[in-house]
Each structure stands twice: as structure tokens, then as C-alpha cells.
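# Coordinate analysis (summary)
In case you want the letters, here they are:
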Amino acid sequence: MKNPRTPSAASRVLLTAGLAVAAVYFLFPVYWLVIAATKSTGDLFGSSGLSLSNPQLLTNIRNVFEYNGSIFFRWVGNSLLYSGVGALVATVVSIAAGYCLAKFTFRGRDALFNIFLAGVMIPGTALALPLFLLMSEIGLVNTYWAVLLPSVISPFGAYLGRIYASAAVPDSLLEAARLDGAGEFRIFFTIVLRLMTPAAVTVFLFQFIGIWNNYFLPLVMLSDPDRYPLTLGLVSWQSVSDRHPELYQMTIGGALLSSVPLMIAIVSLQRFWRAGLTEGSVKG
Amino acid sequence: MRGRRLAILGLLGPFTALFAATIALPIGFALYESVTAIERSGPLGRGTTSTVFVGLEHYATALSDPAFTASLWRVVLFALVQVPVMIVLATTLALMLDAASARGVKFFRSVYFLPYGIPGVIASLLWGFLYTPGLSPVLDVASWFGLNIDFLGASSILWSIANIVTWQFAGYNMLVIVAQLKSIDGDLFEAAEIDGASAWQIITRIKLPLIRPAIVLTTVFTIIGTIQLFGEPLILRPLTGSITSTYTPNLAAYNEAFANNNYNLAAAESVLLALVACVFSFAFLKLVNRSGK
């Protein structure tokens, strides 16, 4: 879609200037992070934060990697495990539920859907404390399960899945497959999942970022640093850095290392976010 | 049709079971915890323990604690400022991108969306450094002009937190609005143009009404998000004396549970917080539905 109106030169300059000012605001902390990550602990405090001073990025990165028996890699692995497995299971389970709610009629269907929808509105942190108490009842506190189990559910995914399935999965195709004698599960895994891929990708991305960025749940559940995700690990470095000044540099280096891949992914996968949002949440 | 039943069970069963276990059950458990207490009998409370029903006692305790009610008012004030700022900024950015020529739009959109990829706690760490005297280039530059800004003072810290939240989520909210703007039929603008509508009229009479669902959606999620404020103040706490252990209701509940081991009171505080989030979300939706057509 293109705007038919061609704005005057003056308003075009004004518009671009406005967009640029906003861009400076959003980029500035990232710029500072990149510059700060190259400095020694001394220069971090002793030189201007806006310009390079004796850059030693590789040394800093090696320090982050090697500190405390390379625990950084362990945290990266944990974060990938929580986010990857959590998002994958959540996507399949909620897309299946959304498809079922869209294409099968049964008693209580709408009531069930409304209950799931209410789940989207529940503040996540309000659940973390009672979840902790439940997990401690069954002895799962401070295990991988304590973070994984609450991560494999996405009410938003079921909601998006239902809307998407109604629009993208034709009834005639399902009927034809049934006449050919295909079982319902085969239909779901071979036909429906493929048709619903755009919605599934959107759900996966949202869930992945949601788990990756989550802090409250792992904070409440985990006490063993070996099971920490990145967020918790970096904060544990920051919280003792007033006693161990070298950890300032570690925290900054770790923050850069953990943000860059995610920022690249976020930006390059933008069209998937938009695709899912246009199809789903906004139309609903 | 046995096969159909089995299919429904297989497709919907896992989600329903997980929903029950990780969302419905914890809510029920929190409600139960919030109306019971653990009573210890015997000398020095070292005998057997038993759970007793205490009604709304914990709610009364929470609401009569000035620190907790202050934290509730603080997040309400925070939301009243934060939500409009966030939504106006996100809508403005989306409309500006929509009006700009094709070149550069993709770059700017990516830049605005970028912070969403940075975990909230890392964003807080980052801004924490930018608020710290001696580390922050912002403060350095301000001091050249003789300005003495205190980002971490008692009167400014709440708005320094608001800045972090805005920085992180404005681009995400913008993207939701952009998605809806893209779905508007371009012919509509052409028709308005031919009828002599100005650019401003096209924005206020066509675009804004049509992106209303996206604005409503982002507003509700922003309300729910801001009321839950937790990570940002927790991360900034070591940097300033202005953030107490009960600065926000979530911090208070966390503190009650893990520092004071009073899970029952913590549960009551969590329930109260969820109620506040619900009341605000529904009040907003009601307001929107009444004024809308």
C-alpha cells in the first residue's frame, strides 16, 4: 500500500528529522553498550562513555567466556533449552488446540475458549509465587522442570491458532482427506500444521522471546547457578559487582554477547511477527 | 463417532491439561493460600502445625500496611502516566513511518523494534549504567551545560523506570499498530484525497478510527504489564536508596514470600495485584466500548 499524497519538501524533511531523533533514542543505549564492552575496567570509569579508549573487545569476550569455569556457556545453553523446548512444545500444543477449537464442534467449546482467552489476561507474575509453592509441594523446585513446565503453555497461541485455522484451513480439504481414509492425527500433522505454519512461527517467536526474557519465574524457582538462564546469571554478576569491580566489565560484555544474536533474529524475522499479528490478534 | 471424540481429546487434551496445571491450579492455590494460615501449637510453636481458615484477614493486613498501599498507588500513578505516553509514542511512530517515503522506513522500523529483543533485566542493567554518575555519558554531557540531573533520586527514579519500559516496548507496540495500518485498503486514501481531504484529516478521520482495535489491544497489554512492575526496580535497587523492598506490589509480595517466609500474605498481595490489573483493564475496555460505535 502506498500513500497517494506526495508531501511537500518541508514536511518531508521534518518527518525524517522526527524519525531520526526517535532512532537516536532507541539506538543510544545499544551504542553505549558496544563501546563500553570494548573497554578495560579502568577505562570504563575513567574515560568518556561516548568514544573508544584502548579497545580490547577480544580480551573482554575471552574473560566473559572463561570466568568461573565458563559458566557463561552453561547459562547460554540453559536459556536455549528453556526457550527452545518450551516454545516448541507450546507451539505444537496450542496450535493443535486452536485448530480443534476452530474445526470441531462440541458441547462447551465456546466456554472453554473464553476461559483460555481469560488466561491471556492473567498477569504472569501473579502466577509465579503460587507456582513456586505448588512446585515445592511436588519437589520440583530448583530443577529444570520448574522453569520448563510453566513455559509450555501459550493461551495466546491457542487464540491465534483458532483464528488462523478458521481462515486458512479449508473444510473441503479436511473432508477429502477423511474420505481418503486418513486419521485425524495424520491430517493434523501432515496437512494442518503445514497450512498453519505462519501462525505457528509467530507463536514460536513470541513464546521464545517471552521465555528468554523471563526473569521472575526462574528467579523464584532456581537457586543453583548451574541451572540459571542468562538473564538470572548476568544479574547475579551485577549484584556483586560493587565488591568485585571486574564484574562490571563481565556484566557489560555478557549483556552485549547475549543481546546481539537476539537483536539480529528479531529484526530479520520481523515479517513473521507482522504476518501473524495481522492475521490474528488485531483482526480478533 | 468414536474417532472424532478421540481426535478432540488428542488435539485439545494436552493444552487443557497444561492450562489447568500451570494457570488454573496456581490461581486456585493462591486464593486458597490467601484465606488460610499456618498455626503452630505446642511450646514455642515447635509442636505440630495445622492449616486454619482465616477469611479475609491477610487481605486486611495487606491493605492496612501503609507500605503495601503506597506501592499500589505508586504503580497506579505509574500506569496513568506510562500507558498514555507509551501508546501516544507508539501510534505516532507508526503513523510517521506510514507517512514517510519508502526509503529508510524499513531501517527506522527495525531500529525502533530492536530493544524488544533485549531482555528486560538487561535493558535495566544497561539504563542503570546510563543513570550512574561517573559511568554515564548522558550525565557527562549534561554537566558541560551546567545541568545537574539526578536520575536515581527519590523524586525522579519512578520516571527513570518509565523510560526503561518505554524504550523497551514502544517499538513492539508500534509494530502491532503498523500491522493494522498495513491492512487498510489503500483505495480509501485515494478516495479521501480526491474528495479533498488533507493529510491531517486522513489521519484523524480514517487511519485512527481504523487502527483503533490495535490501539485498544496494545493499551490493555501495556496496562497489565505496567501494573506488574518488578524486574526494573529490582535491578536498579543496588544503585539507589530510593527503591525500597516494597517499592511495587510485586516486589512487596516477593519480599513477603522469600524474606519473611509469609506465603499466605504474599498470596493475598498477588491476588490483590491481579485484581487491580483486571479492574483497570476492564474499566478501560468499558470506556472504549461506550465511546465507540
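As a convention, each chain's residues are numbered from 1 in the sequence order in which they are written. Written order determines the labels here, with chains lettered from A and ligands numbered from 1. Residue-level local features of this predicted model are given only where pLDDT is at least 70; pairs of side-chain atoms are given and counted only at 80 or more, and the full residue set underlies all totals for whole chains, interfaces and linings. Only heavy atoms go into the side-chain values, all of them from the structure, while hydrogens and water stay out.

Named according to an unreviewed UniProt entry, chain B is Sugar ABC transporter permease originating from Kineosporia babensis. UniProt positions are given in the numbering used here, feature names are shortened, and annotations may be inferred rather than shown by experiment. Per its UniProt entry, chain B bears the Sequence similarities (unreviewed entry) comment "Belongs to the binding-protein-dependent transport system permease family." On record in UniProt, under Subcellular location (unreviewed entry), the comment for chain B is "Cell membrane".

Under the annotation held in an unreviewed UniProt entry, chain A carries the name Carbohydrate ABC transporter permease and is attributed to Kineosporia babensis. The Subcellular location (unreviewed entry) comment attached to chain A in UniProt states, word for word, "Cell membrane". Quoted verbatim from the Sequence similarities (unreviewed entry) heading of the UniProt record, the comment on chain A is "Belongs to the binding-protein-dependent transport system permease family."

## Re helix H4 (residues 109–121) of chain A
Along an α-helix, residues three or four apart share an orientation, since each turn contains 3.6 residues. All names here are of chain A. Strands here mean DSSP runs of E at least two residues long; helices mean DSSP runs of H or I at least four residues long; both are numbered from the N terminus. To estimate how far a helix should extend, the number of its residues minus one is multiplied by 1.5 Å. Taking 1.5 Å of rise per residue, 13 residues should cover 18 Å, and H4 covers 19 Å from first to last C-alpha, within 8% of that figure. Residues Arg109, Phe113, Phe116 and Gly119 constitute the buried set of H4. For H4, the buried positions fall inside an angular range of 105° around the axis, keeping them on one side. Here's how the labels work: a residue is buried when its accessible area is under 20% of the maximum for its type, exposed when over 50%, partly exposed in between, all with a 1.4 Å probe on protein chains only. The reported arc concerns the directions from the helix axis to the C-beta atoms and nothing else.

## Section: the UniProt feature "domain: ABC transmembrane type-1" (unreviewed entry) in chain A
When the UniProt feature table is mapped to this numbering, "domain: ABC transmembrane type-1" (unreviewed entry) covers residues 76–268 of chain A. In residues 76–268 of chain A, helix accounts for 78% and strand for 0%; the two terminal C-alpha atoms are 21 Å from one another.

## Examining the interface of chain B and chain A
In what follows, residue pairs with any heavy atoms lying within 4.5 Å of each other are defined as contacts. Contacts between chain B and chain A engage 95 residues on the former and 89 residues on the latter. Each of two parts loses accessible area, computed with a 1.4 Å probe, when they are put together; buried area is these two losses added. Summed over both partners, the interface of chain B with chain A buries about 8600 Å², with 81% contributed by carbon and sulfur atoms. We define a salt bridge as a contact between a side-chain nitrogen of Lys or Arg and a carboxyl oxygen of Asp or Glu at a distance within 4 Å. Between chain B and chain A we count zero salt bridges in total. With 21 residues, the top contributor of residues to the side of chain B that touches chain A is helix H1 (residues 2–34) of chain B.

## Structural notes on the UniProt feature "transmembrane region" (unreviewed entry) in chain A
Residue and element names in this part refer to chain A. Residues annotated by UniProt as "transmembrane region" (unreviewed entry) correspond here to residues 12–34, 80–102, 111–132, 144–165, 185–212 and 247–269. Taken end to end, residues 144–165 has its terminal C-alpha atoms 33 Å apart, with 73% of it in helix and 0% in strand. Annotated as residues 247–269, this span is 96% helix and 0% strand, and its ends, taken at the C-alpha atoms, are 33 Å apart.

## Details of the UniProt feature "transmembrane region" (unreviewed entry) in chain B
Residue and element names in this part refer to chain B. Under the feature "transmembrane region" (unreviewed entry), the UniProt entry names residues 75–99, 111–131, 151–172, 210–230 and 270–288. The span residues 151–172 carries 73% helix and 0% strand; its end-to-end C-alpha distance comes to 25 Å. Helix makes up 100% of residues 270–288 and strand 0%, with an end-to-end C-alpha separation of 27 Å.

## So, the pattern of salt bridges
Residue and element names in this part refer to chain A. Tallied over the entire structure, the rule returns six salt bridges over all chains. For the salt bridge of Arg178 with Glu184, the shortest nitrogen-to-oxygen distance reads 2.6 Å. For Glu184, a relative accessible area of 14% corresponds to the buried category. In this structure, the salt-bridge partner of Asp224 is Arg227, at a minimum N-O distance of 3.3 Å. Take Arg227: its relative accessible area is 24%, and that puts it in the partly exposed class.

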